[in-house]
Structure formats: C-alpha cells, structure tokens
Amino acid sequence: PLLYVALVVRLVSVFVIQTSYVPDETWQCTEVAHKLVFGTGHLTWEWKEGLRSYLHPLLFSVPLQLLKVLRIDTAWMVIIFPRLLQAVLSFLSDVLLYRLVVKLYGHSQATYSVIMQLSSWYLFYVSPRPW
C-alpha cells in the first residue's frame, strides 16, 4: 500500500506544481525533446556547440512522439506528458529506495525511509520536473 501512496503522491505533484524552478528544466530537456519531435523550438548554445548529450532529451521525446502519432499533441498534453514520465521515474526511485533499505535494514526501516522521502516538500516540488 505504501508504494501505491508513493505513486499517487508523485502523480499528484505533476498537477499541483505549476511553476518554474530553474531554466534548465525547459532548455535542457523538454525544449530539446520538442525540437527533436516537432522540429520547432530553441536550442541553447550548448546544444549548438555539441556540448550536451541527446540521451536525456531522447527519453522525453518518446512520449512526445507518441502524442504526435496519435494526433493528441495539444499544448497541454505536450506539457504534461514529460512531467508524467518524470513523476514515474521519481516513483521508481521510491521503489528502489524501499528495496535497498529492506535489503539492508528490514521492512520497518524501509517504510520509514519512503515516508520520509515522500514527506520532503522539496522532493515533491522537484520530482515532476524533467531536467
């Protein structure tokens, strides 16, 4: 049940957090993924000079490509889908934390660790941000 709560918390954060934290969450991931899929967008100088790897933005271009193929690539969906993917990745870190702590210290400590991670306001704030 705790991991279901973790998934819900991560998904809720996608819709509750509607602000910008740092420019890199747009310019180093979603903007690049958008450019790869839709052909429009701005690339910063790091991309033009070849200083950045496309590996991370490629991960986020997959759901955007899916939206495009299904013809449901509205502005809202293009904004939400990368955030949903990031929330799922954050949830996977919750699962991995739980498994690691179970292995090292047992179930009660693992439960406590995940509760502490889920109660972190900062992690709730940054977990849906694809950067």
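**Student:** Mind laying out the packing of helix α2 (residues 24-38) against helix α4 (residues 55-70), listing which residues take part and the relevant values?
**Tutor:** Each pair of packed helices gets described by two things: the angle between the helix axes and the distance between those axes. Axis separation between α2 and α4 bottoms out at 8 Å; the angle between their running directions is 50 degrees. Here α4 runs oblique to α2, going by the angle between their axes. By crossing handedness, the relation of α2 to α4 is classed as right-handed. Across the interface between the two elements, Q28, C29, V32, A33, H34, L36, V37 and F38 of α2 pack against H56, P57, L58, F60, S61, L64, Q65 and K68 of α4. For the contact of α2 with α4, the per-class residue count stands at 10 nonpolar, five polar and one charged.

**Student:** Outline the packing of aromatic side chains, listing residues and values.
**Tutor:** The way to describe two aromatic rings as a pair is by their centre distance and the angle between their planes. Under the counting rule described, the total for this entry stands at six aromatic pairs. Their ring planes at 70 degrees and their centres at 6.1 Å tell us that Y21 and Y122 sit as a pair that is edge-to-face. Taken together, the residues Y21 in the loop between α1 (2-16) and α2 and Y122 in helix α7 (residues 121-126) connect sequence positions 101 residues apart. We classify Y122 as partly exposed; its relative accessible area is 39%. Measuring from ring centre to ring centre gives 5.0 Å for W121 and Y125, while their planes differ by 10 degrees; the resulting arrangement is stacked. Of this pair, W121 and Y125 both sit in helix α7, four residues apart, which is roughly one turn of that helix. Taken together, Y21, W121, Y122, Y125 and W131 form an aromatic cluster joined through their ring pairs. One Lys or Arg, R129, reaches over the ring of Y125 and ends 4.3 Å from the middle of that ring.

**Student:** Hey, could you go over the environment of T40 for me, with residue numbers and the actual values?
**Tutor:** Within the secondary structure, T40 sits in the loop between α2 and α3 (45-48). Among the residues examined, T40 registers a relative accessible area of 43% and is labelled partly exposed. In the structure, T40 is positioned 21 residues away from S61 in sequence and 13 Å away in space, judged by C-alpha atoms. For T40, the contacting residues outside a window of four places in its chain are H34 and K35.

What counts and how
Residues numbered from 1 in each chain as written. Predicted model: local features only at pLDDT ≥ 70, side-chain atom pairs only at ≥ 80, totals over all residues. Heavy atoms only, no water. Axes fitted to C-alpha atoms, helices over the stretch in contact; angles between N-to-C directions. Helix = DSSP H or I, 4+ residues; strand = E, 2+ residues; numbered from the N terminus. Parallel < 35°, antiparallel > 145°, perpendicular 65-115°, else oblique. Left-handed = near helix turned anticlockwise from the far one by under 90°. Contact = heavy atoms within 4.5 Å. Nonpolar A, V, L, I, M, F, W, Y, C, P; charged D, E, K, R; others polar. Phe/Tyr/Trp six-rings, centres within 6.5 Å; stacked < 30°, edge-to-face > 60°. Buried < 20%, exposed > 50% of the residue type's maximum accessible area, 1.4 Å probe, protein only. Lys NZ or Arg CZ within 6 Å of the ring centre and 35° of its normal.

Purely geometric numbers; function is a separate question.
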